[in-house]
Amino acid sequence: SDHQLIYPPHPDQMDWSSLFPDYVVADEEPQQPRRQQPDSSAAAPASSGAELAPLQPKRLSKEVEIADIGCGFGGLLVALAPTLPDTLMLGLEIRVSVTQFVEDRIQALRAQARRAAEAAEAEAEAAGSSPPPPAPGMYRNVGVLRANAMKFLPNFFRKGQLSKIFICFPDPHFKARKHKQRIVSATLNSEYAYVLRPGGIVYTITDVPDLHEWMVRHFEAHPSFERVPEPEQEADPCVAIMRTETEEGKKVERNKGQKHVALFRRLEDPEW
Ligand code: SAM
């Protein structure tokens with residue numbers, strides 16, 4: 001349940017370094033543990049000294065820009081990673097075992113890409129030629145977090161931080177009394193609008209016609225979003241990837257189901 005979820009109190013306190021170690025900025029000065037001022041009003045035991053406060057999170061050279069909400073087994077992220085090799089992307093997934101699976105998948109792909117690059121380098125050296133360029137990004141730009149995306153989005157991302165949000169085959173919650181658990185709603189759309197920059201895109205896809213209509217209705221009714229016209233939607237390379245590379249998309253394909261796609265652009269905030 002949610003009380004076991006870990007989330008930062010504020011995006012500035014989020015430490016991304018373990019997810020994106022290749023993007024950590026080396027500090028010029030080593031970080032010093034900050035010592036909390038002992039509270040003079042409290043009778044602290046003389047020997048305990050000051051407690052160590054957490055270190056400042058390590059900085060990355062760039063920020064996460066793409067979020068995959070309810071990423072499942074990570075098919076979308078893994079397919080997007082080499083396509084946008086220098087854009088940091090994060091999957092948010094609520095199930096522990098599924099998150100762990102994606103974490104292991106990313107580690108394995110990184111190790112495989114590294115080994116392939118090393119082998120190509122060694123081969124080129126032996127042949128006296130220059131090595132081929134390594135696989136773009138080598139999956140260093142993709143990470144996954146266990147999180148309830150319905151609750152803690154603004155804890156992880158600053159206002160306007162994201163350029164793309166993917167909502168692929170979200171749980172349909174068919175029954176009317178379960179609709180409040182849908183990942184698209186007036187309230188949640190305001191959170192997506194908050195973390196998305198003007199011009200940023202929310203990508204949605206589902207095989208459930210009723211859920212598709214629900215998502216379109218809720219985004220179109222929201223003042224911060226407009227629907228992206230179909231020609232533009234179909235020209236976006238991320239749409240093809242979203243249709244074919246998610247695990248759920250593949251399942252729908254096998255079952256010869258329909259895939260309903262809708263994209264929504266984050267509008268500029270009106271001037272007051
Ligand atoms: N997007 C993936 C795909 O297309 O293959 C997975 C789709 S699956 C039907 C929906 C996923 O959303 C599940 O893995 C589920 O655990 C996850 N999920 C549901 N509610 C969530 C929430 N509040 N926060 C994060 N993930 C959630």
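Residues numbered from 1 in each chain as written. Predicted model: local features only at pLDDT ≥ 70, side-chain atom pairs only at ≥ 80, totals over all residues.

Q: Please clarify how the overall build of the protein should be interpreted in this entry.
A: The helix and strand tally for the protein stands at eight helices and seven strands. When each of the 272 residues of the protein is scored for burial, the buried share is 28%. (Helix = DSSP H or I, 4+ residues; strand = E, 2+ residues; numbered from the N terminus. Buried ≥ 20, exposed ≤ 12 C-beta atoms within 10 Å, placed from the backbone.)

Q: Sorry, what's going on with the confidence of the model for the protein here?
A: Close inspection of predicted coordinates is inappropriate for parts of the model with low pLDDT. For the protein, mean pLDDT is 89; residues scoring 70 or higher make up 88% of the total. Segment residues 34-53 is flagged for pLDDT under 50; beyond a separation of four residues in sequence, or across chains, it makes 10 contacts in the model. Both scores are available for the predicted complex, with the pTM at 0.88 and the ipTM at 0.99. (pLDDT = per-residue confidence, 0-100. Contact = placed C-beta atoms within 7 Å.)

Q: Can you walk me through the site of the ligand in this structure?
A: Surveying the vicinity of the ligand reveals 20 residues, the closest of which are Gly70, Gly72, Ala149, Thr246 and Glu248. If you list the elements that add at least two residues to the shell around the ligand, you get strand E2 (88-93) and helix H8 (247-254). Considering each element in turn, the shell around the ligand owes the most residues, three residues, to H8. Partitioning the shell around the ligand into residue classes produces nine nonpolar, six polar and five charged. (Near = placed C-beta within 6 Å. Nonpolar A, V, L, I, M, F, W, Y, C, P; charged D, E, K, R; others polar.)

Q: Explanation requested: unusual backbone geometry in the structure shown.
A: Peptide bonds are trans in most cases, and residues, glycine excluded, mostly fall at negative phi. Its identity as a non-glycine residue notwithstanding, Tyr139 has a phi of 65°, on the positive side. Looking at the element boundaries, Tyr139 is found in the loop between helix H2 (96-127) and strand E3 (142-146). Residue classification places Tyr139 among the buried residues on the basis of 24 C-beta atoms within 10 Å. The backbone phi angle of His173 is positive, close to 45°, even though this residue is not glycine.

Q: Explanation requested: the packing of helix H1 (residues 75-83) against helix H7 (residues 237-245) in the structure shown.
A: Any two packed helices are characterised by the angle at which their axes cross and by the distance between the axes. Following both chains from N to C, one finds H1 and H7 inclined at 145°, their axes separated by 9 Å at the closest point. When you trace H1 past H7, the crossing you get is right-handed. On H7, the residues that touch Gly75, Leu76, Ala79, Leu80 and Thr83 of H1 are Pro237, Cys238, Ile241, Met242 and Glu245. When grouped by side-chain class, the residues that make up the contact of H1 with H7 number seven nonpolar, two polar and one charged. (Axes fitted to C-alpha atoms, helices over the stretch in contact; angles between N-to-C directions. Left-handed = near helix turned anticlockwise from the far one by under 90°.)

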